[in-house]
Amino acid sequence: MTPRQDDSKEDEKDGESNRLLPSAASPSSDGEESEEAAYEARDKIAIVDVDEIPGSADGLPLDYVPPFSWKKLWMFTGPGFLMSIAFLDPGNLEGDLQAGAIAGYSLLWLLMWATAMGLLIQLLSARLGVATGRHLAELCRDEYPDWARLILWFMAEVALIGADIQEVIGSAIAIQILSRGVLPLWAGVLITASDCFMFLFLENYGVRKLEAVFAILIATMGSSFAWMFGDAKPNGKELLLGLLIPRLSSRTIRQAVGVVGCVIMPHNVFLHSALVQSRKIDPKKTGRVQEALNYYNIESSIALLVSFVINLFVTTVFAKGFYGTKQANSIGLVNAGQYLEEKYGGGVFPILYIWGIGLLAAGQSSTITGTYAGQFIMGGFLNLRLKKWLRALITRSFAIGPTIIVALVFNKSEASLDVLNEWLNVLQSMQIPFALIPLLTLVAKEQVMGVFKVGPVIERMAWAVAVVVMLINGYLMIDFFVSEVKGLLFGLLACSGTVAYLSFIIYLASHGGVFASRSSSYGVELSKQNSIDGN
């Protein structure tokens, strides 16, 4: 073969890759190099073909997907476990313990299916990041006009601050437990904030080092709550029935809403689409992109299975110890350790400290991932190119200030902290549509995803999950506002805010062509059916 024929063949391959892949996945032009990126090229982990003979890949088609390799799965392992930490944050643990104490084992089936719904959304987030080479916040910056982009950024920041307050307060409660009350809540907040910078410092030594720290924290959570599970000895038959038989009563509806509402965190949807870019993938080779998607799907599924088991441990421990007791309705994150100590006593390893260690690991890990998410959200929406430490300082400061105020004001009142937690849950629930609608709009766009756009079945499933989650969180908001909002002025403000809120949601859905795509897909199916009938 002549050199000219070689060049011609290379041009054909490049043309094919440009046609099959979205333009966003193509190498950046000189003008785009100044844009914010989730990871610098030098920071990305190279994926080595460990089982491949050097040079054997030459001449393979662009859509060639290498065979499965356990070693390569290990190379891709990391982002999914960082993502899974949002399913294990102190807010989720509080939802678990309240569900167990009030509903017993009856909501375990809902916890399982809620985790599965969360998995679907997170897989789509990872798909978006891998297929386009950009994360959700960056793509929103290009997709929407400036006014809508800024509203989306503000909403994402509000959701992140709400989650961060819960996570930092959770860590501070754990520190207070482990110090036997010597360190007050505000001191725990300051320790948590400083620890966050210490852990993020590890990123300078490579992404894998940071992922190893998270692996240790998840293992600490798993070990602590597994110890509690073994110590409590829950009823195995009741546990199995709770998983397999759906049961729901009017008395447990609030806990059911909490279980489903906690599985999708707005900032986590943004985070996962950025984390998957920590691996170096050749965007010109559709086979390599598909390979990355396959490994990330496996890794994320395993990570959320681990998170489900940990949540299961917490729920069943409190179901065994407190279901049907007078303490069930008053138990919360602040006093859970005290109730556990009274119920199960001390022993060689007192359950109070085991709970404190697990809660501390949950709070610390979720706080770090929250800071991580804040960097990507701010950088992506605003296209800010800042040094990592400066981005971490800015995003951390957004949450630490309000959190210290909360710690000082609510330090002596458990009831006030519970009310605050309800407000924060509602705040985050309100932001869910502003992460889900852009995500589901973008993954179904061929201009954005190329050949990796989701098919109609997955798209319908994802929208069904999104609608269910938004309706459930809508119920939570309505229930909360009906019970908490008093007076004509507050009522008018709530009504005006609701109109503006729903109007923006409708705008996002219509901007993405959601309504149009539904009618056009129906029209295509109808015309196909008519042609078949005519023939």
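Predicted, not measured: the structure shown is a model, and the values here were computed from it.

What counts and what doesn't
Residues numbered from 1 in each chain as written. Predicted model: local features only at pLDDT ≥ 70, side-chain atom pairs only at ≥ 80, totals over all residues. Heavy atoms only, no water. Helix = DSSP H or I, 4+ residues; strand = E, 2+ residues; numbered from the N terminus. Buried < 20%, exposed > 50% of the residue type's maximum accessible area, 1.4 Å probe, protein only. Contact = heavy atoms within 4.5 Å. Areas by Shrake-Rupley, 256 points an atom, 1.4 Å probe, with all protein chains shown as cover. Axes fitted to C-alpha atoms, helices over the stretch in contact; angles between N-to-C directions. Parallel < 35°, antiparallel > 145°, perpendicular 65-115°, else oblique. Nonpolar A, V, L, I, M, F, W, Y, C, P; charged D, E, K, R; others polar. Phe/Tyr/Trp six-rings, centres within 6.5 Å; stacked < 30°, edge-to-face > 60°. Core = buried A, V, L, I, M, F, W, Y, C linked by side-chain atoms within 4.5 Å. pLDDT = per-residue confidence, 0-100.

## Comments concerning the overall build of the chain
Within the chain, the secondary structure is distributed over 22 helices and 2 strands. Per-residue burial for the chain yields a buried fraction of 51% across its 535 residues. Once local pairs closer than 6 in sequence are excluded, the contacts in the chain between residues at least 24 apart make up 86%. Surface summary for the chain: the accessible area is close to 23,900 Å², and the carbon and sulfur share equals 65%.

## A look at unusual backbone geometry
Look at R180: it is not a glycine, yet its phi comes out positive at around 55°. Mapped onto the fold, R180 is located in the loop between α7 (146-178) and α8 (185-201). Of note, the phi angle at K233 is positive, near 50°, even though the residue is not glycine. Looking at the element boundaries, K233 is found in the loop between α9 (207-232) and α10 (236-244). K233 sits in the exposed class, given a relative accessible area of 59%.

## A word on the packing of helix α6 (residues 136-143) against helix α18 (residues 433-443)
Running from N to C, α6 and α18 point in directions that differ by 80°, and their axes come no closer than 11 Å. When the axis of α6 is compared with that of α18, the two are roughly perpendicular. Each of L136, L139, C140 and E143 in α6 lies in contact with α18, whose residues at this interface are A435, P438, L439 and L442. Broken down by class, the residue content of the contact of α6 with α18 amounts to 7 nonpolar, no polar and 1 charged.

## Let's talk about the packing of aromatic side chains
Tallied over the entire structure, the rule returns 16 aromatic pairs. Ring plane angle 40° and centroid distance 4.8 Å describe the contact between F229 and F313, whose orientation is recorded as tilted. Remark: F313 occurs in helix α13 (residues 286-322) and F229 occurs in helix α9; sequence separation between them is 84 residues. For F229, a relative accessible area of 23% puts it in the partly exposed group. Judged by its relative accessible area of 16%, F313 falls in the buried class. Ring centres of F434 and F504 lie 5.4 Å apart, and the angle between their planes is 45°; on these two criteria the pair is classed as tilted. One end of the pair, F434, is in helix α18; the other, F504, is in helix α21 (residues 488-511), and 70 residues separate them in sequence. F504 matches F434 in its accessibility class, with the two residues each being buried.

## Things to note about helix α12 (residues 266-275)
Because each turn of an α-helix spans 3.6 residues, side chains separated by three or four positions in sequence point in the same direction. Most of α12 is tucked away, with 10 of its 10 residues classed as buried. Regarding α12, the residues found buried are P266, H267, N268, V269, F270, L271, H272, S273, A274 and L275.

## Let's talk about the nonpolar core
Across soluble globular proteins, nonpolar side chains have a tendency to be buried as a group. Counting residues in hydrophobic clusters, the biggest one holds 145 residues, and the most contacted among them are L128, F225, F318, W355, F381 and L439. Contact partners of L439, with chain neighbours within four places excluded, come to I121, L124, S125, L128, L136 and V269.

## Topic: the confidence of the model for the chain
Close reading of the predicted structure is inappropriate where its pLDDT is low. Chain-level statistics for the chain give a pLDDT mean of 80 and a share of 81% at 70 or above. pLDDT under 50 marks residues 12-20. Its contacts with residues more than four places away, or in other chains, come to 11 contacts. Contacts from residues 23-33, a stretch scored under 50 in pLDDT, to residues over four places away or in other chains number 8 contacts.

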